[in-house]
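# Notes for the structure review
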Amino acid sequence: MPYREGESGTAPTLIQSVRRAVRLLDELERRGGTGSAKQLARDAVLPLPTAYHLLRTLVHEGLVRNDNGAYRLVSPLRRGTDTAAHAPALGIQAWVDTLSRELDAAVYFVQYLDGEVRLGAVSGNPARPPVEEWADFRATAHAHAAGQSLLLQLEPEQRDAHLSRHRVTALTPHTVATRGDFERRLAAAPRRLPVLEHQEYALGTACAAVPITVGAETAAVALSIPAAEGARLRGLADRLQKRAEQVLIAQTFAVAAAGHEP
């Protein structure tokens, strides 16, 4: 079932947070690469607690250094490679493997490319094997959390074209069985929050997915666990959302550093 706003403390504010953080980077650059939190909050027109929170994130991402309260741009503007939780530093495969061990779940990275769902990477954790692809993963996006997360990110005409190519059908007794019901479900689901799915693609499996969208890129990271452990799913989805936020911020900063609007 889709994850609903209000069922968790996670709010759909990733893009807003990224834009505010980029403003702080802009102000740091304008000041010659250094400034205090109070100066930057004033210049970026942000509440001081918000500025502190975002500056801590920037320091964690390796984009800014905190020298006894003076924040300095790291030059060149790029992330460090000492944190295993970040995809750009290690590569997607290493990232999903790390997440799999951290979350104790199978983890997947998926993209929407050329009008189709593409499975980019699957964790190789023997303790948490991935779901067997018993029905074509590309053609059954309506039934698994990863596909639902991708479809939520598409523009209406893209989604309409996809569902015209790939019919909504019931794979298990828990799958939404008609296109009309599925479209109503998507319309009621927040685009930026996790999707939770219980035994819709495969009996005995529960899944969650969160979006990763930067510019024209449409992607998601998903996880699966045995349905018997379904009580863990919402908490895992929140933790996965935090990881997705880190990737979103890192990739957006890379775009900003290249001189493009995120």
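For the structure, see preceding data.
Just so we're clear, the structure is a prediction, and the values are computed from it rather than from any experiment.

## Some thoughts on the overall build of the protein
In terms of helices and strands, the protein carries 9 helices and 8 strands. Put simply, the protein has 262 residues, and 48% of those count as buried. Contacts in the protein between residues at least 24 apart in sequence constitute 59% of all its contacts with a sequence separation of at least 6. When the accessible surface of the protein is split by element, carbon and sulfur atoms take 51% of a total near 12200 Å².

## Re the sheet that holds strand β3 (residues 70-73)
Ordered in space as β1-β3-β2, the 3 strands form an open sheet in which the pairing is antiparallel. Either end of the sheet is taken by a strand with one partner, and the two such strands are β1 (34-36) and β2 (64-67). Shown here is a sheet whose adjacent strand axes are inclined to one another by a mean of 30 degrees, direction ignored. Pairing of β2 with β3, which is carried by 4 bridges, proceeds in the antiparallel orientation. Bridge pairing in β3 places Asn66 opposite Tyr71. Against the sheet, helix α2 (residues 37-44) touches β1 and β3, its axis set at about 95 degrees to β1. Across the sheet, helix α3 (residues 48-60) is in contact with β2 and β3; its angle to β2 comes to roughly 110 degrees.

## A short note on the pairing of β3
Successive residues of a regular strand alternate their side chains across the two faces of the sheet. Here β1 runs beside β3; their pairing, made up of 3 bridges, is antiparallel. Within the sheet, the bridge partner assigned to Ser36 lies in β3 and is Ala70. The loop that links β2 with its antiparallel partner β3 comprises 2 residues; one of these, Asn68, has a positive phi angle of about 55 degrees.

## Quick look at unusual backbone geometry
Phi at Asp104 is positive, roughly 55 degrees, even though this residue is not glycine. Residue position: Asp104 is located in the loop between α5 (92-103) and β4 (106-113). Positive phi, close to 55 degrees, is recorded for Asp114, a residue that is not glycine. Along the polypeptide, Asp114 turns up in the loop between β4 and β5 (116-122).

## Focus: the pairing of β5
Bridge count between β4 and β5: 6 bridges; the pairing is antiparallel. Bridging across to β5, Tyr112 finds its partner in Val117. A loop of 2 residues connects β4 with β5, the two strands running antiparallel in sequence, and Asp114 in this loop sits at a positive phi of about 55 degrees.

## Structural notes on the environment of Val22
Looking at where Val22 falls in the secondary structure, it is placed in helix α1 (residues 14-30). A C-alpha to C-alpha distance of 9.6 Å links Val22 and Leu54, two positions 32 residues apart in sequence.

## Some words on α2
All of the buried residues in α2 are Ala37, Leu40, Ala41 and Ala44. Along the axis of α2, the buried positions cluster into a sector of 100 degrees, meaning they face one direction only. Structural note: α2 exposes Lys38 and Arg42 on the side pointing more than 90 degrees away from its buried face. At the C-terminal side of α2, Val45 shows a positive phi close to 55 degrees.

Definitions and cut-offs
- Residues numbered from 1 in each chain as written.
- Predicted model: local features only at pLDDT ≥ 70, side-chain atom pairs only at ≥ 80, totals over all residues.
- Heavy atoms only, no water.
- Helix = DSSP H or I, 4+ residues; strand = E, 2+ residues; numbered from the N terminus.
- Buried < 20%, exposed > 50% of the residue type's maximum accessible area, 1.4 Å probe, protein only.
- Contact = heavy atoms within 4.5 Å.
- Areas by Shrake-Rupley, 256 points an atom, 1.4 Å probe, with all protein chains shown as cover.
- Pairing = 2+ DSSP bridges.
- Axes fitted to C-alpha atoms, helices over the stretch in contact; angles between N-to-C directions.
- Arc of directions from axis to C-beta.

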